[in-house]
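# Structural characterization, general
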Amino acid sequence: EAAVTQSPRNKVTVTGGNVTLSCRQTNSHNYMYWYRQDTGHGLRLIHYSYGAGNLQIGDVPDGYKATRTTQEDFFLLLELASPSQTSLYFCASSSGDQDTQYFGPGTRLLVL
Amino acid sequence: SQWGEENLQALSIQEGEDVTMNCSYKTYTTVVHWYRQDSGRGPALIILIRSNEREKRSGRLRATLDTSSQSSSLSITAAQCEDTAVYFCATESSSNMGYKLTFGTGTSLLVDP
């Protein structure tokens, strides 16, 4: 079974705070993704990457940065957190098209 | 049905009934994924259907794909309580920027005993 882990699992910060969400996959997958999930919107893609050092902009990138330091590790950065970024964040990995995306357990972020 | 600005649809059925969830999508795709998400967990793939398949079965699940009408459906036969979950369809798109999925808004299914 493919493995994707996320940390922290829960995070509370204040408006204007700096937050880093971490994701690690041990599947040797090229692709990694960051999504946010909000009621009524399903999962929306923030950023993704198809290899170390690569970064692609997703569908809702405003206010987020990301960095893929190795094949295994993908980070999501909120440098000036806002209450609108309160959400459930999922990381996923995949070997490529027509293949499964494997999701992590999620990080719940609350911005006060 | 689910997609885009549509609100999350909720379905409630009795155990043993059949149910079908529909998905309409706006951009061209040759592959539709169906994921289920259990409470407190990340989504997990349950069935993937390609444009050359039109219909695909996996146990009590049946997926269809009609690229001409840009729609897909997921049916569950004789639903069980453990089928209670949120179900998402997702379409693939590929470009020189790689491959990504676009998810629908989801259908919340409750199966009562």
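Parameters and conventions
Residues numbered from 1 in each chain as written. Chains lettered and ligands numbered in written order. Predicted model: local features only at pLDDT ≥ 70, side-chain atom pairs only at ≥ 80, totals over all residues. Heavy atoms only, no water. Phe/Tyr/Trp six-rings, centres within 6.5 Å; stacked < 30°, edge-to-face > 60°. Buried < 20%, exposed > 50% of the residue type's maximum accessible area, 1.4 Å probe, protein only. Helix = DSSP H or I, 4+ residues; strand = E, 2+ residues; numbered from the N terminus. Contact = heavy atoms within 4.5 Å. Buried area = accessible area lost by both parts, 1.4 Å probe. Salt bridge = Lys/Arg side-chain N within 4 Å of Asp/Glu carboxyl O. Polar contact = N/O pair within 3.5 Å; in protein donor to acceptor, adjacent residues only side chain to side chain. Nonpolar A, V, L, I, M, F, W, Y, C, P; charged D, E, K, R; others polar. Pairing = 2+ DSSP bridges. Axes fitted to C-alpha atoms, helices over the stretch in contact; angles between N-to-C directions.

Moving on: the packing of aromatic side chains. What the rule picks out here adds up to 15 aromatic pairs over all chains. Centre to centre, the rings of Y33(A) and Y35(A) are 6.2 Å apart; their planes meet at 25 degrees, and the pair counts as stacked. Classification of Y33(A) as buried rests on a relative accessible area of 0%. On the basis of relative accessible area, Y35(A) is assigned to the buried category, the value being 0%. Aromatic side chains Y33(A) and Y99(B) sit 6.1 Å apart centroid to centroid with 85 degrees between the ring planes, which places their arrangement in the edge-to-face category. Residue Y33(A) is located in strand β4 (residues 31-38), and its partner Y99(B) is located in strand β9 (residues 98-103); the two belong to separate chains. What makes Y99(B) buried here is its relative accessible area of 1%.

Turning to the interface of chain A and chain B, a few remarks are in order. Between chain A and chain B, the contact holds 24 residues from the first and 26 residues from the second. Overall, the association of chain A and chain B removes approximately 1900 Å² of surface from exposure, summing both partners, and the carbon and sulfur fraction of that is 52%. Three residues stand out in chain A for area buried against chain B, namely L43(A), Q98(A) and F103(A), and they jointly supply 28% of the buried area on that side. As a salt-bridge pair, K100(B) and D59(A) come within 3.0 Å of each other at their nearest N and O atoms. If you look at where chain A meets chain B, you find nine residue pairs in polar contact (both at pLDDT 80 or more). Of all elements in the fold, only β4, β5 (42-49) and β9 (87-94) of chain A reach the threshold of two or more residues within the side of chain A that touches chain B. Residues belonging to the side of chain A that touches chain B are distributed by class as follows: ten nonpolar, eleven polar and three charged.

On to the sheet that holds strand β5 (residues 55-58) of chain B. Residue and element names in this part refer to chain B. Strand order in the open sheet formed by four strands is β2-β7-β6-β5, and the pairing between neighbours is antiparallel. Both edges of this open sheet fall to β2 (19-24) and β5, since each of them pairs with a single strand only. Each strand axis lies, on average, 15 degrees off the axis of its neighbour in the sheet, ignoring direction. The sheet contact formed by strand β6 (residues 61-66) and strand β7 (residues 71-76) spans six bridges and is antiparallel. Bridging from a neighbouring strand, R62 pairs with S75 of β7.

Here the focus is the side chain of Q56(A). Topologically, Q56(A) is positioned in strand β6 (residues 56-57). The buried category is assigned to Q56(A), whose relative accessible area is 11%. In contact with Q56(A), not counting residues within four places along its chain, are H47(A), Y48(A), Y50(A) and M97(B).

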